[in-house]
Amino acid sequence: MVFQELDRNAERRTNAMVIVFLIGIVFGFVAAFVGRWTVEGIAGTYDVRAVISEWNSKTTEGQDGPHTGYEVMAITEDGRAIEVPTRDAFGLADPVVARFSSVTDRVLSVRGADRVVEAHHPWEKITAMSLGWALLVLAAVVLVKVARPGKSLPFLAGLAFGAFIVLTPVGFGGTAYREAADPVPNFWEHRRDLWGPPPVFAPGQTAVSGESAVRVLDSRPGAPDGAEAWLSGFHVLTLRIEASRLGDTALELSADEHGEPARVKDCAGAPGAFDGTTGLVCFVVPPGYRTEYLLVGKLDREVLLKLQ
């Protein structure tokens, strides 16, 4: 009987230590996530220009219905590969600017020509972190309650293990930088293979596509005066054009092996933005991009206006 009672006591102590260890892991996860999120929110940041070079999605069936996961990779201006948490917000060959935490090298936000994806401050994360702070207070209370050698050590071990998994590269603590990514696709070559060479107008001429006519009066690199500050983070080409009967006729810049330029709506609020007849048209362009043509129209009505 004595030995059975001792065995039962030992089993209860073991179970209690396992439970305390598991509680420590939970609080370690929470503490690490909250701490890292807070540091990223108050520490410095830096911006990196990049171009989307890989875009993969996979849909799986779950208990709550289909779930789609995305893997989006980009090539930075200095040739490094990064993973960007943008889901389907941007497409292949799109130029973007990724904002990184200077402490963790994780992506906090990604901006393109027409939208920005916040990876750090969406409302659900703010809610989760608020709950996390409450759990940390509870963890402090638990630690005080179990602050005896037999119980505090399993709790602290679990705490350290949970934090280790969150903060180290072998767990969830890796940076956004990756070893390699596919090269940026050259959609210009693909487009030419499909549709052949369209009519080309010389610099200074008026490009005519159907009833639409477009002439470039001036082109210069850089964002125009008065544009929103974020635009200056990109490489920008600004055109001053005049047009007649343009309507919804497409205006694009030719792509190359560096990526595909994207038009910025209303030149990001710059005074004198194109009003349908005359004004400024802005494009964010990939790093290393070489300006060649303005594309007017689509498919069989597409014409090229040489810019240089």
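I will try to describe carefully the structure that is included in this document.

Quick look at the packing of aromatic side chains now. According to the stated counting rule, one finds 7 aromatic pairs in the structure shown. When the ring of F29 is compared with that of F33, the centres are 6.4 Å apart and the planes differ by 40 degrees; the resulting orientation is tilted. Here F33 and F29 lie together in helix 1 (residues 2-42), a separation of 4 residues that amounts to about one turn. The class of F29 is partly exposed, set by a relative accessible area of 24%. Aromatic ring contacts, followed pair by pair, group Y46, F100 and Y177 into a single cluster.

Next up on the list: the nonpolar core. Grouped together as the largest cluster of nonpolar side chains are 21 residues, with contacts concentrated most on V214, L239, I241, L253 and L294. For this core, the secondary structure elements donating two or more residues are strand 10 (212-221), strand 11 (235-244), strand 12 (251-253), strand 14 (278-285), strand 15 (293-296) and strand 16 (303-306). Here this core gets 4 residues from one element, more than from any other, and that element is strand 11. With residues near it in sequence (within four places) discarded, L239 still touches V216, D218, S219, L253, G279, L280, V281, F283, L294 and L307. V84, A89, F90 and Y177 belong to the second largest nonpolar core, which has 17 residues in total.

Here we take up the environment of A181. Residue position: A181 is located in the loop between strand 7 (177-178) and helix 4 (187-195). C-alpha of A181 to C-alpha of E83: the two residues are 98 residues apart in sequence and 9.0 Å apart in space.

Pairing is antiparallel across the open sheet formed by 5 strands, whose spatial order is 9-10-11-14-13. Edge positions in the sheet fall to strand 9 (206-209) and strand 13 (262-264), since each of these pairs with one other strand and no more. The mean inter-strand angle of the sheet, taken between neighbouring strand axes irrespective of direction, is 40 degrees. Pairing between strand 9 and strand 10: 4 bridges, direction antiparallel. Paired with S209 across the strands is S212, a residue of strand 10.

So, on to the pairing of strand 1 (residues 45-62). Pairing between strand 1 and strand 4 (residues 95-101): 7 bridges, direction antiparallel. The residue of strand 4 that forms the bridge with T45 is S101. Of the pairings in the sheet, the one linking strand 1 to strand 2 (residues 65-76) comprises 12 bridges and is antiparallel in character. Looking at the pairing, S57 lines up with Y70 of strand 2. Between strand 1 and strand 2, which pair antiparallel in sequence order, lie 2 residues.

Here is what the cut-offs are and how they apply
Residues numbered from 1 in each chain as written. Predicted model: local features only at pLDDT ≥ 70, side-chain atom pairs only at ≥ 80, totals over all residues. Heavy atoms only, no water. Phe/Tyr/Trp six-rings, centres within 6.5 Å; stacked < 30°, edge-to-face > 60°. Helix = DSSP H or I, 4+ residues; strand = E, 2+ residues; numbered from the N terminus. Buried < 20%, exposed > 50% of the residue type's maximum accessible area, 1.4 Å probe, protein only. Core = buried A, V, L, I, M, F, W, Y, C linked by side-chain atoms within 4.5 Å. Contact = heavy atoms within 4.5 Å. Pairing = 2+ DSSP bridges. Axes fitted to C-alpha atoms, helices over the stretch in contact; angles between N-to-C directions.

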